[in-house]
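Each chain is listed here by its residues.
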Amino acid sequence: MLIFEQSRTGRVNTAQQPTTVDSRSNIPNEFLRTDKPLLPEVSEMQAVRHYTRLSTKNFSIDTHFYPLGSCTMKYNPRGCNTLSMLPGFLNRHPDSPANMSQGFLSCMYDLQEILKDVTGMKEVSLSPMAGAQGEFAGVAMIRAYHDAQNGGKGDPARTEILVPDAAHGTNPATATMCNFKVREIPTNKDGDVDIEALKAAVGPHTAGIMLTNPSTLGVFERKIKEIADIVHKAGGLLYYDGANLNAILGKVKPGDMGFDVIHMNLHKTFSTPHGGGGPGAGPVGVSSRLIPFLPVPMVTKVDNEYQLVTQKNIPTSIGRLSAFMGNAGVLLRAYIYARLLGKEGMHRVAEYATLNANYMMKKLEKAGFQLAFANRKATHEFIVTLKKQAKELNVSAMDFAKRLLDYGYHAPTTYFPLLVPECFLIEPTETETQDELDGFIDAMIAIQKEAETDADKVKGAPYTLPVRRLDDVKAAKELDLTWNFKKK
Amino acid sequence: MLIFEQSRTGRVNTAQQPTTVDSRSNIPNEFLRTDKPLLPEVSEMQAVRHYTRLSTKNFSIDTHFYPLGSCTMKYNPRGCNTLSMLPGFLNRHPDSPANMSQGFLSCMYDLQEILKDVTGMKEVSLSPMAGAQGEFAGVAMIRAYHDAQNGGKGDPARTEILVPDAAHGTNPATATMCNFKVREIPTNKDGDVDIEALKAAVGPHTAGIMLTNPSTLGVFERKIKEIADIVHKAGGLLYYDGANLNAILGKVKPGDMGFDVIHMNLHKTFSTPHGGGGPGAGPVGVSSRLIPFLPVPMVTKVDNEYQLVTQKNIPTSIGRLSAFMGNAGVLLRAYIYARLLGKEGMHRVAEYATLNANYMMKKLEKAGFQLAFANRKATHEFIVTLKKQAKELNVSAMDFAKRLLDYGYHAPTTYFPLLVPECFLIEPTETETQDELDGFIDAMIAIQKEAETDADKVKGAPYTLPVRRLDDVKAAKELDLTWNFKKK
Amino acid sequence: MPFIPHTEEDVKSMLATIGVNSIDDLFDEIPAELRSEGLTKVPKGVSEMEISRIMHARAEQDSRALCFAGAGAYEHHIPAAVWEITTRGEFYSAYTPYQAEASQGTLQLLYEYQTMMASLTGMDVSNASLYDGASALAEAVLMAVRANRKSKSKRILMPRTVHPNYRKVAHNIVKGQGITLEELDFDMQGGHINPDSLPKDPGDFTALVIPQPNYFGVLEDIDALTNWAHEHNALVIAVVNPTSLALLKAPGSWGNEGADITCGEGQPLGAPLSSGGPYFGFMACREQFVRQMPGRIIGRTVDLDGKEGFALTLQAREQHIRRSKATSNICTNQGLLVTAATIYMALVGPDGLAKVAQSSHANTQNLISKLEATGNASRLFNRPVFHESLMKFEIQTDELMNAMSAQRILPGVIISDDYPELGNVMLVCATETKSEEDLQTYADLLAEMTKNSESSKSPSKSSMA
Amino acid sequence: MPFIPHTEEDVKSMLATIGVNSIDDLFDEIPAELRSEGLTKVPKGVSEMEISRIMHARAEQDSRALCFAGAGAYEHHIPAAVWEITTRGEFYSAYTPYQAEASQGTLQLLYEYQTMMASLTGMDVSNASLYDGASALAEAVLMAVRANRKSKSKRILMPRTVHPNYRKVAHNIVKGQGITLEELDFDMQGGHINPDSLPKDPGDFTALVIPQPNYFGVLEDIDALTNWAHEHNALVIAVVNPTSLALLKAPGSWGNEGADITCGEGQPLGAPLSSGGPYFGFMACREQFVRQMPGRIIGRTVDLDGKEGFALTLQAREQHIRRSKATSNICTNQGLLVTAATIYMALVGPDGLAKVAQSSHANTQNLISKLEATGNASRLFNRPVFHESLMKFEIQTDELMNAMSAQRILPGVIISDDYPELGNVMLVCATETKSEEDLQTYADLLAEMTKNSESSKSPSKSSMA
Ligand SMILES: Cc1ncc(COP(=O)(O)O)c(C=O)c1O
Ligand SMILES: Cc1ncc(COP(=O)(O)O)c(C=O)c1O
């Protein structure tokens, strides 16, 4: 039942309203609203009960194994939340002067330093508010770099960004937002970038390439040095989509692979909560040549005082991308997480994430599932293709996904990357136990049996959730986006 | 699955352990433990996931209508929790000196004043940790009072406490703990105390009477003044079990009814959370003659400084009943709640609790359910008797209760008070909406229909909960109170 | 090992299953020369107890401020229930509801949110959030360019009364695509865009941005501005404060036809100040433009049994389907803040929100009077304001800022970097959270400071310094 | 109306259903002369925002203490997850699991708790909590009287090394039933009950109470004491600190046969200091005594389909069934604190708890050394301690308390009211939460104070005062 259906006109929740309201107003009538907005009129308990009950209709890390590939759904330590919500942090106004801000700014400064170390980049700006905005910042910096070439006259021929066909959708979408043309580079059968195709694609029109390494195919791009050389020689820059940094934390640094710019998804690698869709944070790190273009604000330390760095200080910056300094509270959580892990802890993240993925991959293979890249090691994730099941049993990856929900497991990422048919991108993360992985594998085996003996059962899943399979087509065709309002 | 079944030897959750532990010890071996206690060895996420999932197997006020009679399951405002858990309150050591305690002590002092006003008693001590301990304090004061009579020689003949047969079990149990004999007084058919029986029972052996008013039968004891006179004249004192104070908050004061001592259940009337069984708080209030005996500590104000009152200050006190000053954090919650309600809010509690109860009672009666006291007004609760259903359809109150769970409602209190057969003691509280009450009534009607057409269905309930009906007999006969430990 | 559950035996058995000897072997596809030497600047790991001490100490440094700053981030009371529910694991640690059946909690909540925001703004539809108010404006500009088929100019009229940071962000994000943001200057008396001074013949332009209230807190002539833009075939992008909408005319009712796109900063609806984020950007529009809208959108539909349910819809607009042709690159949004906002709106209700707005308005009026009464400050503009006002001070604003912040009072926001022509001014705000005493404290301190600064200028100044 | 959802129309329709004219009519059975005039001392209601300001201000008054006090309430690190989960509505706002099928969360948790406590104490069974440590001891005494069929004396031997407040509470609760608590005095060198000084022929007694560590932090000779009591047909009631049990011998292993009943204060397991409550009392015992145990007990059983489930059991002991013959009058217990304790124990695990205990022990040793190094304090007793020690100071302890508390340091607990013979002493404790610097701060302040108090006593004392 919707909250609106529990509402009654005239019900007021007085404890949550100012008790004595001075009714003085100097606002002329012409500016005033005459109708009452459609907000629920419910008691505090009704609201609490409604949203508490709604919450229990979600799968989440705190309740379920959630091996959603490319999303790094690992445990979000509760301490990071609690400590980032201390009143001193929550009540700090973004325009507070430095003398009321040293606590917060010191955390931001320390986080910048940690991220530099982790990525091997020269400088870091924290402000982008998600991975995609980090990408925007990165590609905007690539543009700014080329525009600054030739003594400021620019290099207008560089209109193209190369993107491997396995790339995440945000990569090409970002390139477009920065007014670049997107040229796709194919992947070879082992999951590596097709070097010959790359060589053929680069040239004076190449502004740069956007790469994820390990790629979204769950394998490490082995020829990364060669790729870097090819693109650099052609005058392009290398962009690192850091969504998969969890796989290599402390093991390899993007800076050492030759990248010029990187964004990190702190809501993945640094375990800030995904919040049912966000917020995230997408700090960017750069090699020396891009430092002048970093987005503001950043934090610096002058004579033991932490200060904001703004466009006044870096006139060449691509500027600010948020009203203040991005998702500060998310950055605090990431900082706390980084301190809890520490140096050794970071190494272990990559090690155990990789161990878990390879273990699952091997066990699923032994159980008869087909791997997309059987002769490769898994990184922190790997791909199973269910094309045989789809063809022979008419049971698709989507059917497997929905049936997994009945077994109490969130489905892996399905149908991405697009180039692997009927694909399951599985990322267990380092925080899951062997028991949990085994449970998931057993469920896959059980579903396979069901698919062989009673395919309709699988195709009708889920059965045990608040709703059965939903009609997406109707949702898109008969748009119903707000309740009972105007139209109804 | 039990947490122990998820444990693995050697797994350690390092973030929750001191990192560097100084191993110096001057404890000789003879004092040391050699085995490892059976605590779970799980990761932080395992613990979080396990207990988060467990929580969702509960009904609670925050998720369900919970009309458990005599328990006043009303909304527990979240603000009371948050504000009582401010670091300044949580970190205060109970032995902190007054100069580090003024914030906390001022709240306790103010709460004492509020409770005096609400009960009409002369003085209040906050320390009892639940209703039953409040009762103990009250009856111990009655004993102390009689012991102080006759110039300190005492009145040893007064060995009996009178308790109406409808009383809560804690009343007779408490009287026994204080070494009184319990004499039951019957109830008449209208739910009032049988005055003739009372007259016959009182005498020089009467130490006092324990009464709940409104009684646990959901009716107001109309002859309360007469009862008070009878008992007082016989030299006994009147104890008020304040569990049902919600019904009369601001409407009648126990002090005005002639009671000498009262305990309040703050976890009921003052909406501190029931916590899956506790903690509660059971402050006691007294008339002038019992002031010398109040349990310590209390809080007083001297020259604008709040101070603890201890046995040093009141040598005649029955003494302390807790190591410190009772459930301080619960008292803070009650204080915050009282301030949120304020004067007017308190009146309304009784009014709307009574409105809701009478509304439900009338609608259930109209739907054909039999009331225990059909010619009485309901107070904040009322009783339906399902004896007809039990006899004619072989469907008991227990069966109705379990089936209600399937309909998403917590069952009312069943089989209490014992004198009403197949009884449902229903207390909706003031915080529920008319819609919710109607939903419950509809469920009752639906179950009645099921009972008439398919009794086995009702008797097999519940069907939709984590478990079906549990075998209580086996639980008591084949005791299994700990897991896999020693025996297993 | 923090957060890693593996015992030594687990590792052994898992390696055996995989068929390798060590975890390190799993990394053997990484070229040896790339393997890092390890981290150098990351400190050693600490326990939760230790980081707790560190963070408490740092938070303490910034705490106990009395805040009269606004300028896009407003301190409102947030009911305790909001974040207690929002941080329940099921909301907090879930992700984008790709598996609708396992995400009905988040999805239904978002559908309710869309309904509330559509109603509050007077628009037909709302998306499920963008990053923040500034980036929402940037997306609104991009959207307007896609949506306004009548205009080819990619010219957006952008009043200088829009938050300067919003204008910068919009510029930084849209400039790559050849879109120009053309500034409209404001009236020096009113602090608003004077409809009378609008060009008679502005040429082709795609959209006019109208802030309400504007950056100075001042109310714009929304009806006249909206009609003017529509007369010139331009779209109207409203940038509004959501709290104010409980009191002020909804953008859907501006002028004869209403605004076309409404966006803004959602922070006042339940998000703490929190150094500027995470907040959330909201966006709502007329139904006809819904396919041009960026961000997640939730639709109501039915399941196999015909039961009502909710799912992501119109995904064909988004990057994961449409890739380089998507309406935006946004993927992760600000879901948790929307969760908080939805619960906030349900808890305060329409009357509560109106009272919050009215009380903030009245408190600000009251503060203005008190500051003016000191004789050391006066309102710069003569137009009505919502809950913020630009005040001109007799003493230097940076001196005022230094002195007050030393006492942990934030007296407002200095805006001279963006508006040097306005002189010695500060943007001052008092929401419903400020008591009469708070306002008086500010005024008294101001009065005192001026006295001191006068006396320190006087000849009788002692030589002790 | 705070927390009341009724609209005026609801009220009208409900009254119509009932068939009365006004809400007041519903109270017409209450004799008119009893109807109250209304409340006079309760202040007007305030909003959550207003009470929030009030409570923040009051909490602030008592905050930022550095605590070296123990004496029955110990400051330990509590993982953030503990209370975030404990305060989930489903745990927080449920009640006693009378409807087992709708309370499997709480019930399973309690069963796990019982298992943990039984193992920690080395006993067979545990109940699901009592109010606090002191009242748990009182209940243990009552239980011992019921359980020890061999003794008729109702005489309990109660060492003076047991927490004085526990002794008082036990006395206040059991005295009505003719039970006597007979004090055993302690050894002035060791601060313990010296087994050698125990009476050869103590006469019939029901039980001996043995605290470990005792109130002075000192370790008792548990084996000898236990054997002595058993030799005299008395039961042994152990009163223990649960944290210490990760390090110290479990009562179940004391002497040849182990203690019979174990009780104590559960606060160290996840409950904040919180001015002394809510905490929880724990109690565990040998299986043979389980039917004499007070409080809730949870058992594992099966449902109609044979599936495992949990329910309240042995209810025939309890007041709601047995009424005046119940084992205790306890009804509402401290469930939520047990929830926190269970999650706490799961989060720290056996190793973590041992480290907490060891670290607290070592910190206390360290603090003792530092205080002794100042030359102004010395240990009073020579026996090993767990994490608390009685220190004798050169300056007056109340002077020390005043001076230190003015700096928000709580230097310990003064116990002279209960032990006047011990002189100028204070009970001092340093748990794992204290850093090296914290300890040093204490020692430095002590050193400085003594210097000042010496110099103030010296003849060169200035006449300024
Ligand atoms: C490989 C990859 N790149 C980029 C992104 C975009 O990050 P965000 O969702 O934070 O914008 C994601 C995550 O969704 C991703 O998996
Ligand atoms: C009428 C009555 N009296 C006494 C009590 C005992 O209160 P408590 O459970 O807080 O000990 C209760 C509650 O359970 C009750 O309902």
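Residues numbered from 1 in each chain as written. Chains lettered and ligands numbered in written order. Predicted model: local features only at pLDDT ≥ 70, side-chain atom pairs only at ≥ 80, totals over all residues. Heavy atoms only, no water.

(A) View of the site of ligand 2. Taken together, 16 residues surround ligand 2, and among them B:Ser70, B:Ala132, B:Asp241, B:Lys268 and D:Thr332 come closest. Neighbouring residues of ligand 2 are distributed over chains B and D. Between B:His267 and ligand 2, the recorded distance is 2.7 Å, taken from a side-chain N or O atom to an oxygen atom. Between D:Thr332 and ligand 2, the recorded distance is 2.5 Å, taken from a side-chain N or O atom to an oxygen atom. Contact with the protein chains removes 99% of the 380 Å² of surface that ligand 2 exposes when unbound. Listing elements by their share of the shell around ligand 2, those giving two or more residues are helix 5 (131-147) and helix 10 (266-269) of chain B. When residues in the shell around ligand 2 are grouped by element, the largest group, 3 residues, is from helix 5 of chain B. Grouping the amino acids of the shell around ligand 2 by side-chain chemistry returns 5 nonpolar, 8 polar and 3 charged. (Near = heavy atom within 4 Å. Polar contact = N/O pair within 3.5 Å; in protein donor to acceptor, adjacent residues only side chain to side chain. Areas by Shrake-Rupley, 256 points an atom, 1.4 Å probe, with all protein chains shown as cover. Helix = DSSP H or I, 4+ residues; strand = E, 2+ residues; numbered from the N terminus. Nonpolar A, V, L, I, M, F, W, Y, C, P; charged D, E, K, R; others polar.)

(B) Region of the structure containing the pattern of salt bridges. Counted according to the given criterion, the structure contains 118 salt bridges over all chains. Notably, a salt bridge pairs A:Arg49 with B:Glu432, separated by 2.8 Å at the nearest N-O pair. Here B:Glu432 lies in the loop between strand 13 (423-426) and helix 14 (434-453) and A:Arg49 lies in helix 1 (residues 44-55), a pairing that spans two chains. Look at A:Arg49 and you get buried, because its relative accessible area is 7%. Between B:Glu430 and B:Lys74 there is a salt bridge, with its nearest N and O atoms 2.9 Å apart. Of the two residues, B:Glu430 is situated in the loop between strand 13 and helix 14 and B:Lys74 in the loop between helix 1 (44-55) and helix 2 (78-84); the sequence distance between them amounts to 356 residues. Using a relative accessible area of 1% as the deciding quantity, one classes B:Glu430 as buried. B:Lys74 sits in the buried class, given a relative accessible area of 0%. (Salt bridge = Lys/Arg side-chain N within 4 Å of Asp/Glu carboxyl O. Buried < 20%, exposed > 50% of the residue type's maximum accessible area, 1.4 Å probe, protein only.)

(C) Broad picture of the domain arrangement of chain A. Residues and elements named next belong to chain A. The assigned domain composition of chain A is domain 1 (81-341) and domain 2 (346-473). Listed per partner, the contact involves 30 residues of domain 1 and 22 residues of domain 2. Buried area between domain 1 and domain 2, both sides added, is near 2000 Å², and the carbon and sulfur share of it is 60%. When the buried area of domain 1 at its contact with domain 2 is split by residue, Leu217, Gly218 and Asn246 rank highest and sum to 26% of it. Scanning the region where domain 1 abuts domain 2 turns up 2 salt bridges. Lys251 is the salt-bridge partner of Glu351, the closest N and O atoms lying 2.7 Å from each other. When residues of the side of domain 1 that touches domain 2 are traced back to their parent elements, those giving at least two are helix 4 (102-119) and helix 10 (328-366). (Domains from an automatic or database assignment. Contact = heavy atoms within 4.5 Å. Buried area = accessible area lost by both parts, 1.4 Å probe.)

(D) Highlighting the sheet that holds strand 3 (residues 181-185) of chain B. All names here are of chain B. One open sheet accounts for 7 strands, arranged 1-7-6-5-4-2-3; its pairing is mixed. The sheet terminates laterally at strand 1 (123-125) and strand 3, the two strands that pair on one side only. Averaged over all pairs of adjacent strands, the angle between their axes in this sheet comes to 25°, without regard to strand direction. As defined by bridge partners, strand 4 (residues 206-211) adjoins strand 5 (residues 237-242) across 4 bridges and the pair is classed as parallel. Bridged to Gly208 within strand 5 is Leu237. Of the strands in this sheet, strand 2 (160-164), strand 4, strand 5, strand 6 (261-264) and strand 7 (284-286) touch helix 5, which is tilted by about 170° from strand 5. Contacts from helix 8 (residues 224-233) reach strand 4 and strand 5 within the one sheet, and its direction differs from that of strand 5 by about 140°. (Pairing = 2+ DSSP bridges. Axes fitted to C-alpha atoms, helices over the stretch in contact; angles between N-to-C directions.)

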